[in-house]
Amino acid sequence: MAADGGSSSLVLPCAFSPKSHQYLALCAQDGRLRIWNTDSKTLNQEYVPSAHLSATCTCIAWGPCRTAKEGPQRKKRKSEATQVAERPDLLALGRGHSGGVHSVRWHPVEALLYSGSEDTHIVEWDLQTGKTRCKWKADRGPVTSLCVSPDGRLLLSAGQTIKMWDLETKEVYRRFTGHSTAVTTLCFATTRPPDSDGLYFLSGAAHDRLLSVWQVRSDGKDKNSVVSFTLTDEPQHIDLISSDSKEEAVRLAVVCKDGQLHLFEHFLNGPCKKPLSPSCSVQVSGVGAKGSEGDTPVPVPLLAAALGSDKQGLSLAYGHHLQPVIERVVLNTAERHVCLVRDVQATLTLSMDTTVSKVKTPVVNASVKVLAPGLPGHRAPLKAGPVESQKRKPDSGTKEMSIEERLGEIDLSTARGGKKGQKAALSLQTDSYAVLLVQGLESKDNQILNKVFQTRKEALIKNTVARLPIPAVLPLVEELTKRIQGHPYTAVLLVRWLKAVLLLHTSYLSTLPDLVSQLGVLYHMIEGRVKMLHKLTRLHGKLYLLMSQVAAGESVHRVTDVDHTAKLVYEEESSDEEEGSGDEGIPEEDSDNWEEEEGMEDEASNKEVKAEEGEDEEMNEESKEVNGDSDLEPENESEEE
């Protein structure tokens, strides 16, 4: 049974079929539920959300196989003699929850099914009618886990607290508290009746590295867990072989979130103070990159495990949810730690000879030119001609064309003919561009994408983006974001495509719930380049100023030789010439007269110099008398006194 709901679970559900472990039910990241055959290691059945499931699976539970109703007997063939009468049923249930389903459990005896949901309710389903039989509120919060007792009388539910319900009266039988987070695992460990103090069950919670074991006592003093099993991480998958008596030990296999498997074996007979460590821990490692000295081991996560009938037998599923590796191993449980080295890639590799391909290569005549596969609604212009029904003859000039040859036939260049030819080529080319762009995005062919992104016409870009299907818009934005981070020349061309996408498909992008994470890289890149624009502008201005000064300095020619000759002489007429012109009739004086006059002037100047010297001497004598200085001797001075 696979349940689906509106809320998706972080843990992908997986479970082995009970008893024989012949099948493995696994839900992958793509939302598909796959049933693998553990004997042949092949895919047995696949359920797709769009065709079989109404939503992504959130929990899986294997139910008991019921015998089909016997009809009129007929004689069986020899090939049908070995078929098994028991077949699993596929059920379709109605709506009973208003929230996502977290857990489903089958009733071991009756045709009943129990489901716990996000809406805090438990629903009891009648499998014969496919309708709800009973519905009641179980907790204040979501019901995260359920478990039905082996005798079918009690039901465990976990929300904020663990409650045990009496299925006949739908009343609470016991309450258990001890987990601070949501309980994700509930499982009965014994098949004893609750009145004998021998009924035990275990529980595991999110972000908890312990598995707690609870005892249902007749006196009601069962508020605390009696045994704890230590783990390395949060438990994700549990397989348990219950005990029927005190002398039989409980065997437990727990797969943790870190991908390790822990095996426990314990006799449940009262409380145990110390937490129990695993008797054996199993881890799978693959072969990594090859080095010069040896291979580097890489841990491979375990997905699920199932205990066999013997103590050493074990069924393991490891690897990836899309293609798991299923193996049955025999372990030496005497060792505390076991590491299984497996080459996962070599195990999953399929030879090309054994694989069967359903893709048929079309046979194309040599005279036919393949343009491009069309989008829905696209019709290429066809030439009307006589239709002749001809049968294909073998080896009649036909050949198979590969995808590379067909892509080579596609002509992306615009026609350089007249206006009519250009318009016809443009309409066909726009449609071809949209087809090629979708093909390039799906196949991630850089050659096709480069040819499409090299166009510079705005109208062609807008028409191509407008014709894109909605699922191709987000891959186109991611491809443009990756390419814009490259060379600036290519970024100039790709910005036009990004502008067209944002203008034409903004309404679709705004409806995406994770739009921030999808466009975060583009936003940070644009913001980083805008921040650098101011700095680059300042640097450009400084470099331009420097280069202009250097150019101006080189253009100035230095003056080496100065030419003293006058290039232009301007003579102004003076008044002296006019006066000279009136004295032309006066006779000139002799040169002797000029000499006598010069001699007289010299004598007069000498007399003036002597007179000035005499005056200077008189002034010096007067100053000496005033200061009391004289040329007389001191004796003469006394005589005078």
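Throughout this description, residue numbers start from 1 for each chain and increase along the sequence as written. In keeping with the predicted nature of the model, local features appear solely for residues at pLDDT of at least 70, side-chain atom pairs appear and are counted solely at 80 or more, and the whole-chain, interface and lining totals rest on all residues. Values shown for side chains rest on all heavy atoms present in the structure; no hydrogens or waters enter the calculation.

Going by an unreviewed UniProt entry, the chain carries the name Small-subunit processome Utp12 domain-containing protein and comes from Aldrovandia affinis. UniProt positions are given in the numbering used here, feature names are shortened, and annotations may be inferred rather than shown by experiment. Among the UniProt annotations of the chain, the heading Sequence similarities (unreviewed entry) holds the following wording: "Belongs to the UTP5 family." Here the chain is described in UniProt, under the heading Subcellular location (unreviewed entry), as follows: "Nucleus".

Thoughts on the sheet that holds strand β13 (residues 145–148)
Any two strands with at least two DSSP-identified bridges between them are counted as paired. Secondary structure elements are defined from DSSP: runs of H or I of at least 4 residues count as helices, runs of E of at least 2 residues count as strands, and each element is numbered from the N terminus. Reading across from one edge, β13-β14-β15-β16 is the order of the four strands in this open sheet, with antiparallel pairing throughout. In this open sheet, the two edge strands, each paired with only one partner strand, are β13 and β16 (171–176). Looking at each pair of strands side by side, their axes are set apart by 20° on average, direction ignored. Where strand β15 (residues 162–166) meets β16, five bridges bridge the pair, whose relative direction is antiparallel. Each residue of the ladder has a partner; that of Lys163, found in β16, is Arg175. All axes are obtained by fitting lines to C-alpha atoms, using only the stretch in contact for helices, and the reported angles, taken between N-to-C directions, cover 0 to 180 degrees.

Points about the nonpolar core
Grouped together as the largest cluster of nonpolar side chains are 31 residues, with contacts concentrated most on Leu437, Val452, Phe453, Leu476, Leu480, Trp497 and Val501. Only α3 (419–443), α4 (446–453), α5 (458–466), α6 (473–484), α7 (488–504) and α10 (520–555) provide two or more residues apiece to this core. The contact criterion used throughout is that any non-hydrogen atoms of two residues lie within 4.5 Å. Every residue in contact with Val452, bar those within four places of it in the chain, is listed here: Tyr433, Leu436, Leu437 and Trp497. In this text, buried Ala, Val, Leu, Ile, Met, Phe, Trp, Tyr and Cys residues form a nonpolar core when linked through side-chain atoms within 4.5 Å. Buried means the residue's accessible area, taken with a 1.4 Å probe over protein chains only, is under 20% of the maximum for its type, while exposed means over 50%, and partly exposed covers the values in between. Core analysis: the second largest hydrophobic core is formed by 20 residues, Val255, Leu263, Val300 and Leu316 among them.

Structural notes on the packing of aromatic side chains
Stacked, tilted and edge-to-face are the three classes assigned to paired rings of Phe, Tyr and Trp, where Trp is represented by its six-membered ring and a pair needs centres within 6.5 Å; plane angles under 30 degrees give stacked, over 60 edge-to-face, the rest tilted. Under the defined criterion, the tally for this structure stands at seven aromatic pairs. Three or more aromatic residues joined by ring pairs make a cluster, and in this case those are Phe176, Phe188, Phe201 and Trp214.

A word on empty space enclosed by the protein
A cavity here means a set of 1 Å grid points, computed over protein atoms only, where a 1.4 Å probe fits but cannot escape. A pocket is an open set with protein on both sides within 12 Å along at least 5 of 7 lines, and lining residues have an atom within 4 Å of a point. Grid points are joined across faces, edges and corners, and a volume is the space filled by probe spheres set on the points. Evaluated as defined, the whole model comprises one cavity of 30 Å³ or more. Considered as a void within the structure, the largest cavity measures approximately 50 Å³ in volume. Among the secondary structure elements, those contributing two or more residues to the lining of the largest cavity are β22 (250–256) and β23 (261–266). For the lining of the largest cavity, a count of residues per class yields eight nonpolar, one polar and one charged. The classification used treats Ala, Val, Leu, Ile, Met, Phe, Trp, Tyr, Cys and Pro as nonpolar, Asp, Glu, Lys and Arg as charged, and all other residues, Gly among them, as polar.

A closer look at the environment of Ser443
Here Ser443 lies in helix α3. When its relative accessible area of 47% is taken as the criterion, Ser443 is described as partly exposed. Think of a polar contact as two N or O atoms within 3.5 Å of one another; within protein, one of them needs to be a possible hydrogen donor and the other a possible acceptor, and neighboring residues in sequence only count if both atoms come from side chains. Polar side-chain contacts of Ser443 include one of 2.6 Å to the backbone oxygen of Gln439.

A word on the environment of Cys14
Turning to its location among the elements, Cys14 is positioned in strand β2 (residues 14–16). Residue classification places Cys14 among the buried positions, given a relative accessible area of 13%. Spatially, the C-alpha atom of Cys14 lies 9.9 Å from that of Thr58, the residues being 44 residues apart in sequence. Setting aside anything within four residues of it in sequence, one finds Cys14 in contact with Ala25, Leu26, Ile60, His237, Leu303 and Ala304.

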